[in-house]
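Listed here are the chains, written in short residue letters.
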Amino acid sequence: SMSRTANRTTSRSKERTYLHFTALGVLFLVLFLLQGVGLFPSIGGARPLLLVSAVISASLFLRQWGGAVFGCAAGLFLDASSSGAGCFHTLTLLVIGCVCGLLITNLLNNTLAVNFLLQAGFLFLYVVLRWLFFYVFPGGYDDVGHIFLKYGLGDFLYTFVLSIPLYLLIRRLMRQVHTVA
């Protein structure tokens, strides 16, 4: 009977994990659609990077492997929907998801304040890398500094403001998804 109880607990744990991944997958798809169709208005040319912020927040709950998987999936969606991206989004979000998960596993606690700090650092890193990869390195742009100030910093600030409610939503999803047992 002891092993039967252990098996039942393991089974419930697996069901809960699958439900978490499914709930997050649906959320990521909705965020991708919201971001892609532009349902969040552009403010001075800035658009929110919803999937980037969601990868950072979800990684705090999923740890390094789950963060890497969701980062990779979100990146694949972004790469598939943007021309000339190559694998930029996939590789960048995979690494960001994995590193955020590792930080929570080994160094930091999963709190709103820690999410705030990680969002600030990794969103800014993402915006700088995107600017370098798409505007500075290819060349052909007259004022890359202006592009960074208007779009890079704008996207960063817009996303940073939305990152708090997004984290709270993901935290609620991760705590509220229950199995039927």
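Structure shown above.
This report concerns the structure included in the present document.

Conventions we followed
Residues numbered from 1 in each chain as written. Predicted model: local features only at pLDDT ≥ 70, side-chain atom pairs only at ≥ 80, totals over all residues. Heavy atoms only, no water. Phe/Tyr/Trp six-rings, centres within 6.5 Å; stacked < 30°, edge-to-face > 60°. Helix = DSSP H or I, 4+ residues; strand = E, 2+ residues; numbered from the N terminus. Buried < 20%, exposed > 50% of the residue type's maximum accessible area, 1.4 Å probe, protein only. Core = buried A, V, L, I, M, F, W, Y, C linked by side-chain atoms within 4.5 Å. Contact = heavy atoms within 4.5 Å. Salt bridge = Lys/Arg side-chain N within 4 Å of Asp/Glu carboxyl O. Axes fitted to C-alpha atoms, helices over the stretch in contact; angles between N-to-C directions. Parallel < 35°, antiparallel > 145°, perpendicular 65-115°, else oblique. Left-handed = near helix turned anticlockwise from the far one by under 90°. Nonpolar A, V, L, I, M, F, W, Y, C, P; charged D, E, K, R; others polar.

### Observations concerning the packing of aromatic side chains
So, step 1. Under the defined criterion, the tally for this structure stands at 14 aromatic pairs.
So, step 2. Measuring from centroid to centroid gives 5.3 Å for Phe-88 and Phe-134, while their planes differ by 80 degrees, and the two rings are edge-to-face. Taken together, the positions of Phe-88 in helix H3 (residues 88–106) and Phe-134 in helix H4 (residues 112–136) put the pair 46 residues apart, joining distant regions of the chain. Phe-134 matches Phe-88 in its accessibility class, with the two residues each being buried.
So, step 3. Seen from their ring centres, Phe-116 and Phe-160 are 4.7 Å apart, and the 45 degrees between their planes marks the pair as tilted. Highlighted residues: Phe-116 in helix H4 and Phe-160 in helix H5 (residues 144–176), separated in sequence by 44 residues.

### Details of the nonpolar core
So, step 1. Ranked by internal contacts, the top residues of the largest apolar core, which has 39 residues, are Leu-24, Phe-28, Ile-56, Leu-93, Tyr-126 and Ile-170.
So, step 2. Looking at this core, the element that brings in the most residues is helix H2 (residues 50–81), giving 13 residues.
So, step 3. Setting aside its immediate chain neighbours within four residues, Phe-28 contacts Leu-51, Ala-54, Val-55, Ala-58, Phe-70 and Ala-74.

### Some thoughts on the pattern of salt bridges
So, step 1. Across all of its chains, the model carries one salt bridge by this definition.
So, step 2. The partner of Asp-155 in a salt bridge is Arg-130, with the nearest N and O atoms 2.7 Å apart. Note that Asp-155 is positioned in helix H5 and Arg-130 in helix H4, a separation of 25 residues in sequence.
So, step 3. Residue class for Arg-130 comes out buried when judged on its relative accessible area of 15%.

### Considerations on the packing of H3 against H4
So, step 1. Where H3 contacts H4, the two axes come as close as 11 Å, and the packing angle between them is 160 degrees. The angle between the axes of H3 and H4 places the two elements in the roughly antiparallel class. H4 is crossed by H3, and the crossing has right-handed handedness. Where H3 approaches H4, its residues Phe-88, His-89, Thr-92, Leu-93, Ile-96, Val-99, Cys-100, Leu-103 and Ile-104 are matched on the opposing element by Val-114, Leu-118, Phe-122, Tyr-126, Leu-129, Arg-130, Phe-133 and Phe-134.
So, step 2. Looking at side-chain class alone, the contact of H3 with H4 contains 14 nonpolar, two polar and one charged residues.

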